[in-house]
Amino acid sequence: MTNQQSNHPGIEQFYKMKNIIWVIAVLVLVFLGDRLGGWVLGSVVENSEFRYSRLYRNNADCDLLFAGNSRGLIFYQPYIEEKTGVSTFNLSYNGMPMDLAAALIKDHLDRHEPPKVLVLDVTLLDQRMDRRLLTGFNCYTPYSERLSDLMRDSFPNDYYAGKVTHLYRYNSEVFQRAFYYLKKSDEDWLLDRVISPSLQKDVENQGVFDYDFTPEMLESLAAVVEFARQKGVRVELVVNPYFPPFAQKIGNLPALKMAIEKSTGLPVHDYSNSISGVDGFGDYQHLNKTGAKEYLDRLMKDGILELPEDLSSR
Amino acid sequence: MIFNSLTFLIFAAIFLPVYFSLKGRARLFWSLAGSYLFYGWWDWRFLSLIAISTMVDFILGQKMAQEDEEPKRKRLIVLSMILNLGFLGFFKYFNFFTDSFVTMLQGFGLDPSVHTLNIILPVGISFYTFQSMSYTIDIYRRQLEPEPDFWRFATFVAFWPQLVAGPIVRASDFLPQFKNDRSWDWDRFSSGMAQVLWGFFKKVAIADSLAPFVDQCWAEPMAFTSINLWIAVVFYSFQIYCDFSGYSDIAIGSARILGFRFPENFRTPYFSQNFSEFWTRWHISLSSWLRDYLYIPLGGNRDGVVKTYRNLMLTMLLGGLWHGANWTFVFWGFLHGMYLVVQRLWGKTFGKIMDLLHFPKALKTGVNIALVYAFTCLAWVFFRSPDFSIATDVLTNMLSFEGFNFVSVMNKFMVMKGVLLIAMLLAVEVTDLKIQWGGVVQRSPVFRVASFAVLLWLISFFGTFGSNAFIYFQF
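Computed from a predicted model, the values in this text were never measured in an experiment.

(A) How the structure looks around the overall build of chain B. The number of helices and strands found in chain B is 18 helices and zero strands. Over its C-alpha atoms chain B spans a radius of gyration of 23 Å, differing by no more than 12% from the 23 Å that the globule rule assigns to 475 residues. Counting the 475 residues in chain B, one finds 54% classified as buried. Within chain B, contacts between residues separated by at least 24 positions form 75% of all contacts whose residues are at least 6 apart in sequence. Accessible area of chain B: about 20900 Å², with a carbon and sulfur share of 68%. Charged side chains in chain B number 38 positive and 31 negative. The centres of these two groups are separated by 6 Å.

(B) Looking closely at the domain arrangement of chain B. Residue and element names in this part refer to chain B. Taken domain by domain, chain B consists of domain 1 (6-183) and domain 2 (188-474). A straight line from the C-alpha centre of domain 1 to that of domain 2 covers 26 Å. Residue-level contacts link 37 residues of domain 1 with 34 residues of domain 2. Contact between domain 1 and domain 2 buries roughly 3300 Å² in total, counting both sides, with carbon and sulfur atoms accounting for 67%. Its largest share of buried area at the contact with domain 2, domain 1 owes to F96, P167 and R170, together 18% of the area lost on that side. Our count for the contact surface shared by domain 1 and domain 2 stands at one salt bridge. Between R170 and D292 there is a salt bridge, with the nearest N and O atoms lying 3.0 Å from each other. Across the domain 1-domain 2 interface, the total number found is 10 residue pairs in polar contact (both at pLDDT 80 or more).

(C) Focus on the packing of aromatic side chains. As enumerated under the stated definition, the model contains 94 aromatic pairs over all chains in all. Centroid distance F3 of chain B to F8 of chain B: 4.8 Å. Interplanar angle 65°. Geometry classified as edge-to-face. Look at W184 of chain B and W186 of chain B: their rings are 5.4 Å apart centre to centre, the planes differ by 85°, and that puts the pair in the edge-to-face class. The exposure class assigned to W184 of chain B is partly exposed, which follows from its relative accessible area of 37%. Here the guanidinium or amino end of K106 of chain A rests over the ring plane of F227 of chain A, the centre of that ring lying 5.8 Å away.

(D) Main features of the pairing of strand β4 (residues 234-239) of chain A. Residues and elements named next belong to chain A. Most of β4 sits inside the fold, with five of its six residues counted as buried. Judged from the five bridges that link them, strand β3 (residues 117-121) and β4 form a sheet pairing that is parallel. The residue bridging V117 from the neighbouring strand is R234, located in β4. Pairing of β4 with strand β5 (residues 268-270) involves three bridges; the strand directions are parallel.

(E) Looking closely at the interface of chain A and chain B. Listed as interface residues are 31 residues of chain A and, on the opposing side, 26 residues of chain B. Carbon and sulfur atoms supply 64% of the area buried between chain A and chain B, which totals about 2500 Å² over both sides. The three residues of chain A that bury the most area against chain B are W22, N171 and R193 of chain A, which together make up 19% of that side's buried surface. For the pair chain A and chain B, the number of links is zero salt bridges. Remark: the boundary between chain A and chain B carries eight residue pairs in polar contact (both at pLDDT 80 or more). If one sorts the elements of the side of chain A that touches chain B by residue count, helix α2 (residues 9-47) of chain A sits on top with 11 residues. Class assignment for the residues of the side of chain A that touches chain B results in 17 nonpolar, eight polar and six charged.

(F) Representation of unusual backbone geometry within the structure. Residue and element names in this part refer to chain B. Even without glycine at this site, F401 takes up a positive phi of about 55°. For F401, the location among the structural elements is in the loop between α15 (388-400) and α16 (412-435). Residue classification places F401 among the partly exposed residues on the basis of a relative accessible area of 42%. Although it is not a glycine, N411 adopts a positive phi angle of roughly 40°.

(G) Just the pattern of salt bridges, in detail. Throughout the structure, instances matching the rule amount to 31 salt bridges over all chains. Put simply, R35 of chain A and D34 of chain A hold a salt bridge, and the shortest N to O gap is 2.6 Å. For the salt bridge of D249 of chain B with K202 of chain B, the shortest nitrogen-to-oxygen distance reads 2.9 Å. A residue pair is termed long-range when its members are at least 10 positions apart, and D249 of chain B in helix α9 (residues 226-258) and K202 of chain B in helix α8 (residues 186-219) qualify at 47 residues. Since its relative accessible area comes to 11%, D249 of chain B is described here as buried. Linked by salt bridges that have partners in common, D107, D110, R146 and K231 of chain A make up one network.

(H) Main features of the confidence of the model for chain A. Residues and elements named next belong to chain A. Across chain A, the average pLDDT comes to 89, with 95% of residues at or above 70. By mean pLDDT, the top-scoring element of chain A is helix α3 (residues 51-56) (96), and the lowest-scoring one is helix α1 (residues 3-6) (46). pLDDT under 50 marks residues 310-314. Its contacts with residues more than four places away, or in other chains, come to 10 contacts.

(I) Local environment of the side chain of D149 of chain B. Within the secondary structure layout, D149 of chain B lies in the loop between α5 (125-140) and α6 (150-158). Here D149 of chain B falls in the buried class, since its relative accessible area comes to 14%.

(J) Representation of a nonpolar patch on the surface. Residues and elements named next belong to chain A. A cluster of nonpolar residues, M17, I20, I21, I24, V28, F31 and L32, forms a patch on the protein surface that exposes about 640 Å² of accessible area. Inspection of the secondary structure assignment puts I24 in helix α2. For I24, a relative accessible area of 46% translates into the label partly exposed.

(K) The pairing of β3 of chain A, seen in detail. Residues and elements named next belong to chain A. For β3, the buried fraction is high: five of the five residues fall into the buried class. Of the two faces of β3, the one carrying V117, V119 and D121 and the one carrying L118 and L120 are both buried. The sheet contact formed by strand β1 (residues 64-67) and β3 spans four bridges and is parallel. Each bridged residue has a counterpart across the sheet, and for A67 the counterpart in β3 is L120.

(L) Geometry of the environment of F350 of chain B. Residues and elements named next belong to chain B. When you line up the elements, F350 lands in helix α13 (residues 327-356). C-alpha separation for the pair F350 and F275, spaced 75 residues apart in sequence, amounts to 14 Å. Not counting residues up to four positions away in its chain, the partners in contact with F350 are V367, N368 and L371.

(M) Quick peek at the sheet that holds β1 of chain A. Residue and element names in this part refer to chain A. Here five strands make up an open sheet; going across it, the order is β2-β1-β3-β4-β5 and the pairing parallel. Of all the strands in the sheet, the pair left with one neighbour each is β2 (88-90) and β5. Between one strand axis and the next, the sheet turns through 20° on average, direction left out of account. Two elements, β1 and β2, share three bridges in a ladder whose sense is parallel. Looking at the pairing, L65 lines up with F89 of β2.

Basis of the calculations
- The numbering scheme is per chain: residues are counted from 1 as the chain's sequence reads.
- Written order decides the labels, with chains lettered from A and ligands numbered from 1.
- Local features in a predicted model are, by the rule used here, given only for residues with pLDDT of at least 70; side-chain atom pairs are given and counted only at 80 or more, and totals for whole chains, interfaces and linings are based on all residues.
- Computation of side-chain values covers all heavy atoms of the structure but excludes hydrogens and water.
- Runs of E in the DSSP output that reach at least two residues are strands. Runs of H or I that reach at least four are helices, and both are numbered from the N terminus.
- Computation of the radius of gyration draws on C-alpha atoms alone. For the globule rule, the value is 2.2 Å times the number of residues to the power 0.38.
- Each residue's exposure class comes from its accessible area (1.4 Å probe, protein chains only) as a fraction of the maximum for that residue type: buried when under 20%, exposed when over 50%, partly exposed otherwise.
- For this analysis, residues touch if any pair of their heavy atoms sits within 4.5 Å.
- For the accessible areas, the method is Shrake-Rupley and the probe is 1.4 Å, while residue cover comes only from the protein chains on display.
- Asp and Glu are treated as the negative residues and Lys and Arg as the positive ones, with His and the ends of the chain left uncounted.
- Charged groups are reduced to one reference atom each: NZ for lysine, CZ for arginine, CG for aspartic acid, CD for glutamic acid.
- Domain limits in this description derive from either an automatic procedure or a database domain assignment.
- Note on definitions: buried area is the accessible-area loss of two parts on being combined, 1.4 Å probe, summed for both.
- Note on definitions: salt bridges are taken to be side-chain nitrogens of Lys or Arg within 4 Å of carboxyl oxygens of Asp or Glu.
- In protein, a polar contact requires one atom able to donate a hydrogen and another able to accept it; more generally it is a pair of N or O atoms within 3.5 Å, and residues adjacent in sequence count only if both atoms are side-chain atoms.
- By convention, a stacked pair of Phe, Tyr or Trp rings (six-membered ring in the case of Trp) has centres within 6.5 Å and planes under 30 degrees apart, an edge-to-face pair has planes over 60 apart, and any other such pair is tilted.
- Sitting over a ring, as applied to charges here, requires NZ of Lys or CZ of Arg to be within 6 Å of the ring centre and within 35 degrees of the ring normal.
- Following DSSP output, two strands are said to pair if at least two bridges run between them.
- Three residue categories are used. Nonpolar comprises Ala, Val, Leu, Ile, Met, Phe, Trp, Tyr, Cys and Pro, charged comprises Asp, Glu, Lys and Arg, and polar comprises the others, including Gly.
- Scored from 0 to 100, pLDDT records how confident the predictor is in each individual residue.
- To count toward a patch, a residue needs a relative accessible area above 30% and no salt bridge. Like charges then connect within 9 Å, nonpolar side chains (Val, Leu, Ile, Met, Phe, Trp, Tyr) within 5 Å.
- Geometry is summarised by axes, namely lines fitted to C-alpha atoms with helices restricted to the contacting stretch, and by angles between N-to-C directions that run from 0 to 180 degrees.

Quick look at the structure:
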């Protein structure tokens, strides 16, 4: 404002009012845009074919339910369905921590007719799993009290930020995936590549790998197992395969298995060293499509994926 | 205190209204108190360093101005240099030089028992030291009158918007601005706020979204396929640009709201067509500081070709070392020095070759920009790596081209988000060359409102809010 303008009280008042109106305009525009954007993005989440959208749309009935971290993605659904003829659903996600997996499994069991078998890769019992992944599931908190509570208790800032600005709720890779799978199935989500020679060599330089699990994780797992059993679901706990030279570097796998067996009362089927061919691995923690098929054949042969006899009555 | 934190929002919400409600000395004291609080929030013990540096430089500046005898003036400026560089050398370089000395002796078969110290590096020490040094050097050169008011000088040294990561503001630019009218001004507020929001977008949306991919690749370079390393290097080039220029934008915008004009610190550096141009567009306040207080005093380009090259190399090597106590930073500076030398040697020949090949102007421009960007990225590999072994792993893996295909890209969603954000940044910067968005924001209130809203939506939708510190804090 120029000095000349400020010499006239009326004009000064006018400019002050004008600026205040602009500030209000910004705030109103920001708020309305945020709510409109939130509504549009919410529609994307609700209509997506992404696994968690289907879960919260109550459209994820199955006979075989799978869960795990990125290593759980090797429960390759198209192949299992082709071989067994039963329906499947996989709740696995990269870096999934145990408490998040527990909430998702319980939500699935509450919202659907219980599956016959729940297969859980127990290697998600590791503190290295990304607990901040929970914040990525902010876009599903409006549909789940469990997720909402977990999020509020673990990451209150993110939870309340998602209440203040609805756009923030969709600020995550989880939402990006929901958008990507808006019109297509996510069941083909598995590595295609073969572990590179340099990565194979790199395994030799790796130190001892120990799972960093806590009593809380064991309790959470035991609670899920009990919850599933009460719903009449058979639970199978497995350790999915690692690249053999890496599997040999794992120090405390026996301790992890023992602790799990003690807390859940179930055996842990150890397949950590069950696939030997290099061509079956995408990297040293993950099977690729070829390896996954070989592994699933093994699980079918061992009866892990076998349904109880009353399947035909469903 | 860092800009991208809730603490800073609370700080700003209290600081600004009180600042504008005060006048004269009260406002000055409030600014100084706010600046010390801003810095002390990180570690209050290091406030004493700023205070000592301020007091000594203020006294030496006064004495130098009163002194006519050149030898005495020289003694005073040397004393100022010893103090400023002494603090910097001890806190930033003591362990580095001790370790390097021990390694060198071990190379001669000796085994000295020298202990390093557990020294905490004070945040932003390189910035405020250079700022304070420029004051006494300018007085010594008789280019600046000493500031008679101690509290103004103390506020200049510690002023919170630029205290920890620049831009490095010269006393001759800053101190006279205390005489300006700095009462509340809506236009200044809105244009400052637009720059602050743009800075936040660059930091929390772009830089912090690119960081996880870069960090993963640099943590274990041999664990990823070649294409991932290529992506990581490109991402890092934009991460560091958006991180640092984002901080500068927030600092410059905040200062503008408070009534101060800071110099521009970045000007679309990745569109540079040669390395001399790059250094007039990247971290401008540091490169101009090094030019005025190091390169020109060394002789600049006045004493023949060989000495010009020597001066360029020395300036860039010290510029590299300024960034951190690590040989990888020195090597980064060495590479940039070499680029400048090679450009002077063969730049014109290269231009003539393109002329002979009848390259159209647009293609020539494109080739130049691409070459400068590619070599800048090569230097970034060393800048980002904690040691030469990691840098070698990154480059070896990149050049192996093993798994150089789309299938091998890890976390494609993170990559796609990064590419989208970089594309948005480049779109703004390319169009800014013609449209000058800052001017449009100033002129059109409707556009201003819309840009504020869009930036806030983008920050909300793309931002990463983990209170990630700015990269340049460590320098």
